[in-house]
Amino acid sequence: MELSDKALAKELHDWCLKASGQFAEKGAIMDGYGFVVNPIGSKQQVWHVDYTTDAAAIWIPLTQFTDRNATQFITLPETTPEEALEKVASNVDDVDVDALARSVDHFQVHQIVAKPMSVLYMGRGTIHRGISNSGDDNRISFYISLHFIRDYAVYPYYADERSEKAVVNFND
């Protein structure tokens with residue numbers, strides 16, 4: 001969908017670029033933005049990672065995120081085995097958290113409660129889900145989608161210098 005007001009569309013795009021630079025990791029590449037509505041009575045999502053493990057997002061609640069309509073996310077310990085991370089990456093649309101729990105001593109589940117117009121950053125590969133909305137209002141948010149892959153033609157399939165150049169590194 002295209003905004004009919006070209007000046008407004010440019011201002012929104014420029015603001016999203018600025019927000020990406022301000023709130024995301026260095027080297028983030030903005031690839032989209034829009035709105036998400038979690039309507040009253042919606043069902044809980046499955047645990048998932050948006051797009052790829054090299055994607056991140058900035059979320060801005062437009063309505064209150066509460067304990068009855070919010071997003072949950074998982075924090076894994078630094079000692080999480082590589083095999084467990086590979087399993088997460090193999091099916092980002094439906095992360096098997098039971099198998100993940102068996103592969104680590106513990107992990108933490110957090111729930112975001114936030115007032116409207118807060119800025120929330122979900123870094124690369126964040127495992128998360130929207131809970132069912134049992135609140136009194138739709139949960140409405142604006143998001144900016146980000147990635148760190150410079151060249152999808154070689155990511156992640158070539159184990160050589162091309163794939164190393166394909167992904168933005170923290171020190172770039």
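Residues numbered from 1 in each chain as written. Predicted model: local features only at pLDDT ≥ 70, side-chain atom pairs only at ≥ 80, totals over all residues. Heavy atoms only, no water.

A. Spotlight on the sheet that holds strand β4 (residues 108-111). The strand order across the open sheet built from three strands is β4-β3-β6, with neighbouring strands paired in antiparallel fashion. Sheet topology places β4 and β6 (128-130) at the edges, where each strand pairs with a single neighbour. Neighbouring strand axes in the sheet, compared pairwise and without regard to direction, differ in orientation by 20° on average. Where strand β3 (residues 71-75) and β6 come together, three bridges link them in antiparallel fashion. Looking at β6, one finds that Phe-73 is bridged to His-128. (Pairing = 2+ DSSP bridges. Helix = DSSP H or I, 4+ residues; strand = E, 2+ residues; numbered from the N terminus. Axes fitted to C-alpha atoms, helices over the stretch in contact; angles between N-to-C directions.)

B. Representation of the nonpolar core within the structure. One finds Cys-16, Ala-19, Ala-24, Met-30, Ala-56, Ile-58, Ile-60, Phe-142, Ile-144, Leu-146 and Phe-148 forming the largest nonpolar core, which totals eleven residues. Breaking this core down by element, the ones donating at least two residues are α1 (6-23), β2 (55-61) and β7 (139-147). (Core = buried A, V, L, I, M, F, W, Y, C linked by side-chain atoms within 4.5 Å. Buried < 20%, exposed > 50% of the residue type's maximum accessible area, 1.4 Å probe, protein only.)

C. Representation of the layout of surface pockets. Considered as a void within the structure, the second largest pocket measures approximately 400 Å³ in volume. Lining the second largest pocket are 24 residues; nearest its centre among them are Val-36, Gln-45, Trp-59, His-128 and Arg-139. Within the residue set of the lining of the second largest pocket, elements represented by two or more residues are β1 (29-38), β2, β5 (120-122), β6 and β7. In terms of residue count, β7 provides more of the lining of the second largest pocket than any other element does, four residues in total. (1 Å grid on protein atoms, 1.4 Å probe; cavity = no way out; pocket = protein on both sides within 12 Å on 5 of 7 lines; lining within 4 Å. Points joined across faces, edges and corners; volume = space filled by probe spheres on them.)

D. Quick look at the pattern of salt bridges. Inspection of the entire model under this criterion finds three salt bridges. One salt bridge connects Glu-25 with Arg-124, and the closest N-O pair in it is separated by 3.0 Å. Linking Glu-25 in the loop between α1 and β1 with Arg-124 in the loop between β5 and β6, this pair joins segments that are 99 residues apart in sequence. Of the charged contacts in the structure, one is a salt bridge between Asp-54 and Arg-124, with a shortest N-O distance of 3.5 Å. With Asp-54 in the loop between β1 and β2 and Arg-124 in the loop between β5 and β6, the pair connects residues that are 70 residues apart, well separated along the chain. Asp-54 sits in the buried class, given a relative accessible area of 11%. Via salt bridges that share partners, Glu-25, Asp-54 and Arg-124 belong to a single interconnected network. (Salt bridge = Lys/Arg side-chain N within 4 Å of Asp/Glu carboxyl O.)

E. Looking closely at empty space enclosed by the protein. All told, the structure shown has one cavity of 30 Å³ or more when counted by the stated rule. In this model, the largest cavity occupies a volume close to 50 Å³. Around the largest cavity sit Val-49, Asp-50, Ala-55, Ala-56, Ala-57, Met-122, Gly-123, Gly-125, Thr-126 and His-128, which together line it. Per-element accounting of the lining of the largest cavity gives the leading share, three residues, to β2. Class assignment of the residues belonging to the lining of the largest cavity gives a composition of five nonpolar, four polar and one charged. (Nonpolar A, V, L, I, M, F, W, Y, C, P; charged D, E, K, R; others polar.)

F. Molecular detail of a nonpolar patch on the surface. Taken together, Phe-35, Leu-62 and Met-117 make up a surface patch of nonpolar side chains, about 330 Å² in accessible area. Residue placement: Leu-62 occurs in the loop between β2 and β3. (Patch = residues over 30% accessible without salt bridge, like charges linked within 9 Å, V, L, I, M, F, W, Y side chains within 5 Å. Areas by Shrake-Rupley, 256 points an atom, 1.4 Å probe, with all protein chains shown as cover.)

G. Structural context of a negative patch on the surface. A surface patch of like charges, here negative, comprises Asp-93, Asp-94, Asp-96 and Asp-98. One can find Asp-93 in the loop between α2 (82-90) and α3 (97-103). (Lys, Arg positive; Asp, Glu negative; His and termini not counted. Charge placed at Lys NZ, Arg CZ, Asp CG, Glu CD.)

H. Inspection of the environment of Ile-131 at higher detail. Following the sequence through the fold, Ile-131 ends up in the loop between β6 and β7. For the pair Ile-131 and Arg-68, spaced 63 residues apart in the sequence, the C-alpha separation amounts to 7.6 Å. Setting aside residues no more than four positions away along its own chain, Ile-131 makes contact with Asn-38, Lys-43, Gln-44, Asp-67, Arg-68, Asn-69, Ala-70, Gln-72 and Gln-111. (Contact = heavy atoms within 4.5 Å.)

I. Representation of the sheet that holds β2. With respect to topology, four strands assemble into an open sheet ordered β1-β7-β2-β5, the strand pairing being antiparallel. Lying at the two open borders of the sheet, with one neighbouring strand each, are β1 and β5. The sheet shows a mean angle of 20° between the axes of neighbouring strands, direction not considered. Taken together, the three bridges between β2 and β5 define a ladder with antiparallel strand orientation. Bridged to Ile-58 within β5 is Tyr-121.

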